[in-house]
Amino acid sequence: MAIRINGTEVAAPDDVRVSLLDLLRERLHLTGTKVGCNQGACGACTVLVDGERVLSCLTLAVQAEGRSVTTIEGLGSADSPHPLQLAFIEHDGFQCGYCTPGQVCAAAAMLREIEAGVPSYVTADLTAPVLVTREEVRERMSGNLCRCGAHNGIVDAILEVAAGRAA
Amino acid sequence: MMPFTYSRAASIDQAIEMAAGGRSHLLGGGTNLVDLMRKGVERPSGLVDVTALPGTIEETGGGGLRIGAAARNSAVAAHPLVRARYPMLARAILAGASAQIRNMATVGGNLMQRTRCVYFQDVAGARCNKRAPGSGCDAAGGFNRYHAIIGASPQCIATHPSDMCVALAALDARIHVAGAGGARTIPMVDFHRLPGERPDLETLLEPGEMIVAVEIDASPFARSTYRKVRDRASYAFALVSVAAGLTMRAGRIEKIGIALGGIAAKPWRALRAEAALRGGPATAQAFEAALAVELADAAPLPGNAFKVGLAQRTLGAVCIELSGSDR
């Protein structure tokens, strides 16, 4: 069984210990996905598997067999950027840019989670529709660290895109 | 290079067969196991992927829930019946890790995760009786802010890191397990062991056994919640956490369930505190006093003595939240 990566079928590596992150970067040269901590603490390696955000550093590539993986390269391009990428530029949602691919992938999935009504730890009423607030976005994006401290711009960018989608 | 195998189990029987012999580990979401393999803490000769096994969440005849071991943490927290009937369980799961990790992690894996004690994880630089029995414990005289205040032993002071398990303990969940010798059920409150002389043994699972499902009865609590106190507001392990459920009758506590996280090697079910509170009023002072009874045997360390008072104040705050009273 192959792994579908940004629409292209790729064979799983023979060595089953290879992480999805290393498959993407070292073998397929999709270097948009970043290596941060490589231990599940920073979110820089966030990609989408079947549309859900996961950490590619803690996912074995072989576990993605038969699944569809979307990386930042599949989400948007220089010619056709994702609305979140445009909003990150508009709101200075980065400084060095290293965490940005993971932030954008995480945010794309997060907005779908909110639209599906999935609550968070800060949601007051677990059974009511979820509102897109600054507090909700901060909690839901807490798995993506930005050492430059661009979190305020990141949250502004996400809130703008969320407002645009709701309109 | 050491030979290494990976296989994907299509049934519970097949998983038990594949993992027989004990040299392969079962792989759920991998959020803990893959990390520990990379650090050299875990050295299995192979992995049996059990994420394709049943992860369904279904209502039982008695109005409870049965959750397949392969259910993702995020799926449990998002399930309408969990949100409506077991707020403490939904909130506990949502308090744990990050959204990415909750999407990956399974319920069975959450139960089986290892401590985040930094000395346990430091293969090259630290002694640890849990990782290498008999080698010593560098945490006892080290940085022990995140370590146990009760139920520890001279061999080990590690805490269990799960949030979900704290709620399951307060809800008296049952863990259904299966192995070559057949199936059995273990009460959640007994599932994890205290370290004693053998901190390397963490659960009542026998070699070759695996978790199949978690079952909870219809919630006896009119209100329940989970509150987690940590060094940053999100995406951190608990210093102290409280899962609590409450049912009042004529101004008195009729039913109560309390479990604490972050203070012991297992989710700490506070039966003594519950007994002290039952039949009395739901006030923050009563809750704090009851927890003092519960923690009478606590033996805090220089780095974590604050946890005794923090646990009391957290339980007091939870009482106010559940009873709607601040007196």
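With respect to the overall build of chain B
Next up, step 1: A tally of helices and strands in chain B yields 13 helices and 12 strands.
Next up, step 2: Taking 20 Å as the expected radius of gyration for a compact globule of 327 residues, we find that chain B reaches 19 Å, a close match to that expectation.
Next up, step 3: For chain B, the spread of C-alpha atoms along the principal axes amounts to about 65 × 50 × 35 Å.
Next up, step 4: Across chain B, contacts joining residues at least 24 apart in sequence account for 62% of those joining residues at least 6 apart.

A look at the overall build of chain A
Next up, step 1: What chain A contains, in helices and strands, is six helices and five strands.
Next up, step 2: Beginning at the N terminus, the succession of helices and strands in chain A can be written as β-β-α-β-β-β-α-α-α-α-α.
Next up, step 3: Computed over C-alpha atoms, the radius of gyration of chain A comes to 16 Å, within 12% of the 15 Å expected from 2.2 N^0.38 for 167 residues, which places it in the range of a compact globule.
Next up, step 4: Projecting the C-alpha coordinates of chain A onto the three principal axes gives extents of approximately 45 × 35 × 30 Å.
Next up, step 5: When each of the 167 residues of chain A is scored for burial, the buried share is 53%.
Next up, step 6: The long-range fraction of contacts in chain A, counting pairs at least 24 apart against all pairs at least 6 apart in sequence, stands at 58%.
Next up, step 7: As displayed, chain A offers around 7400 Å² of accessible surface, 50% of which is attributable to carbon and sulfur atoms.

Examining the domain arrangement of chain A
Residue and element names in this part refer to chain A.
Next up, step 1: In terms of domain boundaries, chain A breaks down into domain 1 (2-75) and domain 2 (83-166).
Next up, step 2: A C-alpha centroid distance of 21 Å is found between domain 1 and domain 2.
Next up, step 3: Contacts between domain 1 and domain 2 engage 15 residues on the former and 17 residues on the latter.
Next up, step 4: In this assembly, domain 1 packs against domain 2 so that about 1300 Å² is buried in total across both faces, 57% of it on carbon and sulfur atoms.
Next up, step 5: Of all residues in domain 1, R53, I72 and L75 give up the largest surface area on contact with domain 2, accounting jointly for 42% of the area buried on that side.

What about the pairing of strand 2 (residues 24-27) of chain B?
Next up, step 1: Of the pairings in the sheet, the one linking strand 2 of chain B to strand 3 (residues 46-49) of chain B comprises four bridges and is parallel in character. By the bridge assignment for strand 3 of chain B, S24(B) is matched with G46(B).

Examining a nonpolar patch on the surface
All names here are of chain A.
Next up, step 1: A cluster of nonpolar side chains, L86, I89 and F94, forms an exposed patch at the surface whose accessible area comes to about 280 Å².
Next up, step 2: Tracing the sequence through the fold places L86 in helix 3 (residues 83-90).
Next up, step 3: Given the relative accessible area of 47%, L86 is considered partly exposed.

Quick notes on the nonpolar core
Next up, step 1: By size, the foremost hydrophobic cluster in this structure holds 42 residues, and its most contacted members are V76(B), L89(B) and L111(B).
Next up, step 2: Among the secondary structure elements, those contributing two or more residues to this core are strand 5 (65-68), helix 3 (73-78), helix 5 (87-95), helix 7 (107-112), helix 9 (164-170), strand 6 (174-179), helix 10 (188-191) and strand 8 (210-216) of chain B.
Next up, step 3: When neighbours within four sequence positions are excluded, V76(B) is seen to be in contact with I57(B), I67(B), A71(B), V82(B), L89(B), I93(B) and V107(B).
Next up, step 4: I3(A), L24(A), L30(A) and M104(B) belong to the second-largest nonpolar core, a separate cluster that totals 32 residues.

Digging into helix 4 (residues 100-115) of chain A
Residue and element names in this part refer to chain A.
Next up, step 1: Spanning 16 residues, helix 4 covers 22 Å between terminal C-alpha atoms, matching the ideal 22 Å at 1.5 Å per step.
Next up, step 2: Across the 16 residues that make up helix 4, a large majority, 14, are buried.
Next up, step 3: Directly beyond the C-terminal end of helix 4, a positive phi value near 85° is found at G117.

Topic: the sheet that holds strand 1 (residues 5-8) of chain B
Two strands in a sheet stick together by hydrogen bonds in their backbones, pointing the same way (parallel) or opposite ways (antiparallel).
All names here are of chain B.
Next up, step 1: Here we have three strands laid out as an open sheet, ordered 1-3-2, and parallel in their pairing. Of all strands in the sheet, those with a lone pairing partner are strand 1 and strand 2, marking the two edges. With direction set aside, neighbouring strand axes in the sheet form an average angle of 20°.

Concerning the sheet that holds strand 4 (residues 52-55) of chain A
All names here are of chain A.
Next up, step 1: Read across the sheet, five strands follow the order 2-1-5-3-4 without closing on themselves; strand pairing throughout is mixed. The outermost strands of the open sheet, each flanked by one partner alone, are strand 2 (8-11) and strand 4. Neighbour-to-neighbour, the strand axes of this sheet turn through a mean angle of 40°, independent of strand direction.
Next up, step 2: Across the face of the sheet, helix 4 comes into contact with strand 3 (46-49) and strand 4 while running at roughly 45° to strand 3.

Description of helix 5 of chain B
All names here are of chain B.
Next up, step 1: With respect to burial, helix 5 is a largely interior element, nine of its nine residues being buried.
Next up, step 2: Within the sequence span of helix 5, burial applies to P87, M88, L89, A90, R91, A92, I93, L94 and A95.
Next up, step 3: Once helix 5 finishes, A97 follows within two positions and takes phi at roughly 55°, a positive value.

Some points on the pattern of salt bridges
Residue and element names in this part refer to chain B.
Next up, step 1: One pass over the structure, following the stated rule, counts 26 salt bridges over all chains.
Next up, step 2: Among the salt bridges present, the one from R127 reaches D138, with a minimum N-O distance of 3.0 Å. Of the two residues, R127 is situated in the loop between helix 8 (118-121) and helix 9 and D138 in the loop between helix 8 and helix 9; the sequence distance between them amounts to 11 residues.
Next up, step 3: Residue R127 is classed as partly exposed on the basis of its relative accessible area of 45%.
Next up, step 4: Residues participating in the shared-partner salt-bridge network are E42, R114, K130 and E202.

Thresholds, definitions, all that
Residues numbered from 1 in each chain as written. Chains lettered and ligands numbered in written order. Predicted model: local features only at pLDDT ≥ 70, side-chain atom pairs only at ≥ 80, totals over all residues. Heavy atoms only, no water. Helix = DSSP H or I, 4+ residues; strand = E, 2+ residues; numbered from the N terminus. Rg over C-alpha atoms; globule rule 2.2 N^0.38 Å. Contact = heavy atoms within 4.5 Å. Buried < 20%, exposed > 50% of the residue type's maximum accessible area, 1.4 Å probe, protein only. Areas by Shrake-Rupley, 256 points an atom, 1.4 Å probe, with all protein chains shown as cover. Domains from an automatic or database assignment. Buried area = accessible area lost by both parts, 1.4 Å probe. Pairing = 2+ DSSP bridges. Patch = residues over 30% accessible without salt bridge, like charges linked within 9 Å, V, L, I, M, F, W, Y side chains within 5 Å. Salt bridge = Lys/Arg side-chain N within 4 Å of Asp/Glu carboxyl O. Core = buried A, V, L, I, M, F, W, Y, C linked by side-chain atoms within 4.5 Å. Expected span 1.5 Å × (residues − 1). Axes fitted to C-alpha atoms, helices over the stretch in contact; angles between N-to-C directions.

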